[in-house]
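Breakdown of the fold
So you can see what is in the structure, the chains are spelled out below.
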Amino acid sequence: MIPKNGPKILSLNRVPLNLIRKFSINNNLFYKAKGKDFFDLKIPDNAPTSTENTVWLESLAKQAKMDELHGHNEEQYTGGKSSEPMSSYTIREKSDLETRKNNDLFAYYNKNKDLVRVIRTPKSAENPYFTLSVPATDYFIASSPFSSLPNRRRPKSDTQQSFSDLKVVKLRSGKGGDGNVAFFRDAGIAVGPPDGGDGGDGGNIYVMASAELSSLHGIRTKYFAEDGKNGEGGQLDGKKGGDLYITVPVGTHIRWCPDPKEIRTLRKVQEDKVFHIKAVGEGIKDGIPKYIQLFRNSYASGEGWVFKDKDEDYHNSRDYFSELNEKIKVYDKEREYDELSTDVFPIDGLDFSKPTKDPVMLLKGGRGGMGNMHFLTSEIRNPRFAKVGRKGLEGNFIFELKLLADLGLVGLPNAGKSTLLRAISNARPRVGHWEFTTLQPSIGSIPLRIDQAPFTVADIPGIIKGASDNKGMGLNFLRHVERSSGLVFVISLGSEDPIDDLNVLLEELGPKRLKGKKILIVATKADLENSFEKFNKLREYVSKNDWKCVPCCPMKKENIETVIELMAECCDRV
């Protein structure tokens, strides 16, 4: 759940099959999910007594017997063998399994109206994950042509340019600090009871959306949260690692992606590959995957010890440590599927279309390790060992800025989009008589009557024929009009064939980008010779689609009021 107060947490109340535990009471079989275990496995608070530690360890022993009775093993908690690092994805050859009809394949459309193919559904605790089949080409992203260049090398559209609309960011939450091995010492007491403190938890990574930002140029490519500090003697717990907060502009969409190095390699070789991505649903009965499963691959249960004076081989040869370790394995397993239940990310990504009141957690830090004070029992008087902190969580994410505009201006280079925007709004984009004058998107606000809210219009770089084949730059910016309710096609009447220009734009955008949007045709440069005949032909042509067409001369501000009225109608402001 998301708390009413404090940071929002991306931990969802889902329970995969591998987190379900069976137990029986009076020969009746019951199922319990994480957080509702039959035994209380909560670690005692600081400064636990020998009796408290004994009771806690006995509860772990009972749980271990229950797991053994019902045939549970470590693979059911991690989805694989502990010696093999788990990954959220694998790269496979595209096969007929992705296309043929069979019982292990189904498809659905996600929130972004993209087709998602699922190879199989979870059927058992040993195989708890859906498998998404995602073509490698889906991750061949195109950013603004100048986003990766230093500011001094970017072409300038005005006095300052610091615009960036896409970043691939590597994130890593903090590792938990290690528990401490220490003993109380005082005058006359050479070695007292154990008092080694716990390690601090690793720092979390949060994201906040602010309306004061308009670009991703300040976002770094790597963010690592602070690790938790190690515990100290005197029952002093280590300090929690500092949380890391990333502020993004409103309109930013964040989605998970595989390793960018692998994506670049596949793009170079141009092979027909797919990513098989592990995913889970909201609950055990959910037939649709909703979240990508992330893995932090911390130490396996029964491992991750810190030893003092004596090494690991020495302790493993002692019966008291072997018995203790079997009990602690249960606690380690609890930590593992605690992590599995929180280490998820929505398949559709996170959309920050509004300023956030509270930070949203992306990655949770690792838990701190236990100090040796937790292992004091009547049988273990001098525990010279403690637990290592759990690892942080690492992942790659695409930060994509989609400007929030009511309408988008689309046109060929030098069609007069920027001049039109200057004429109808308070924006001041660069205007010139050469192609690609607009090097970055501009947004203008168009005021209406005093009792009406203004609407916004985005001017994007010009689109040329072949843009869908990565020619020019316009399609790289079309993400900024995805949220708009309508598109305004700016067609120059100074062109030899305005109808052909319109068809080029329609072909390059494609039906998917046009679906559900209102369309308005604005014919600019209506003061030129022969413009009247060209406009009539254009208006007659677009009337087949019930699109409105209006002539104007932005440079002389002729018929601009009519253009504004039709734009307001296009974005439902009338």
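How each quantity is defined
Residues numbered from 1 in each chain as written. Predicted model: local features only at pLDDT ≥ 70, side-chain atom pairs only at ≥ 80, totals over all residues. Heavy atoms only, no water. Helix = DSSP H or I, 4+ residues; strand = E, 2+ residues; numbered from the N terminus. Polar contact = N/O pair within 3.5 Å; in protein donor to acceptor, adjacent residues only side chain to side chain. Pairing = 2+ DSSP bridges. Axes fitted to C-alpha atoms, helices over the stretch in contact; angles between N-to-C directions. Salt bridge = Lys/Arg side-chain N within 4 Å of Asp/Glu carboxyl O. Buried < 20%, exposed > 50% of the residue type's maximum accessible area, 1.4 Å probe, protein only. Patch = residues over 30% accessible without salt bridge, like charges linked within 9 Å, V, L, I, M, F, W, Y side chains within 5 Å. Areas by Shrake-Rupley, 256 points an atom, 1.4 Å probe, with all protein chains shown as cover. Lys, Arg positive; Asp, Glu negative; His and termini not counted. Charge placed at Lys NZ, Arg CZ, Asp CG, Glu CD.

A word on the side chain of threonine 342
Assignment of secondary structure puts threonine 342 in helix 5 (residues 319-342). Reaching out from threonine 342, the side chain makes a polar contact with the backbone oxygen of aspartate 338 at a distance of 3.2 Å.

Overview of the sheet that holds strand 17 (residues 360-363)
Strand order in this open sheet of three strands is 10-8-17, and the pairing throughout is mixed. On the outer flanks of this sheet lie strand 10 (244-249) and strand 17, each paired with one strand and no other. Averaged over neighbouring strand pairs, the angle between their axes works out to 35° when direction is ignored. Looking at chain direction, strand 8 (residues 205-210) and strand 10 are connected through six bridges and run parallel. Bridging across to strand 10, methionine 208 finds its partner in threonine 247.

Notes on the pattern of salt bridges
Throughout the structure, instances matching the rule amount to 15 salt bridges. In this structure, arginine 296 and aspartate 343 form a salt bridge, with 2.9 Å as the shortest nitrogen-oxygen distance. Taken together, the positions of arginine 296 in the loop between strand 13 (291-293) and strand 14 (305-307) and aspartate 343 in the loop between helix 5 and strand 15 (344-346) put the pair 47 residues apart, joining distant regions of the chain. Taking relative accessible area as the criterion, aspartate 343 reaches 2% and is therefore assigned buried. Within this structure, Lys170, Arg172 and Glu394 form a network of salt bridges that share partners.

A few points about the environment of serine 215
Tracing the sequence through the fold places serine 215 in the loop between strand 8 and strand 9 (222-224). Separated by 185 residues in sequence, serine 215 and glutamate 400 place their C-alpha atoms 9.9 Å apart. In this structure the side chain of serine 215 is engaged in a polar contact, spanning 3.1 Å, whose partner is the backbone nitrogen of histidine 217.

So, a positive patch on the surface
Residues Lys222, Lys261, Arg264 and Lys268 make up a contiguous surface patch of positive charge. At three residues, helix 3 (residues 260-269) tops the list of elements feeding residues into the positive patch. Position of lysine 268 relative to the elements: it lies in helix 3. What makes lysine 268 exposed here is its relative accessible area of 72%.

Quick word on a negative patch on the surface
A cluster of like negative charges, contributed by Glu303, Asp311, Glu312 and Asp313, occupies part of the molecular surface. Inspection of the secondary structure assignment puts glutamate 303 in the loop between strand 13 and strand 14.

Some thoughts on the sheet that holds strand 24 (residues 518-524)
In any sheet, the strands associate via hydrogen bonds between backbone groups, in a parallel or an antiparallel arrangement. Ordered by their spatial adjacency, six strands build an open sheet running 21-22-20-23-24-25, and the pairing between neighbours is mixed. Every other strand in the sheet has two partners, leaving strand 21 (442-446) and strand 25 (548-551) as the edge strands with one partner each. Each strand axis lies, on average, 25° off the axis of its neighbour in the sheet, ignoring direction. The sheet contact formed by strand 21 and strand 22 (residues 455-459) spans five bridges and is antiparallel.

A closer look at unusual backbone geometry
Even without glycine at this site, aspartate 546 takes up a positive phi of about 60°. In this fold, aspartate 546 is placed in the loop between helix 8 (531-542) and strand 25. Overall, aspartate 546 belongs to the exposed group, its relative accessible area being 70%. The phi torsion at asparagine 559 lies on the positive side, around 65°, for a residue other than glycine. Take asparagine 559: it is sitting in the loop between strand 25 and helix 9 (560-570).

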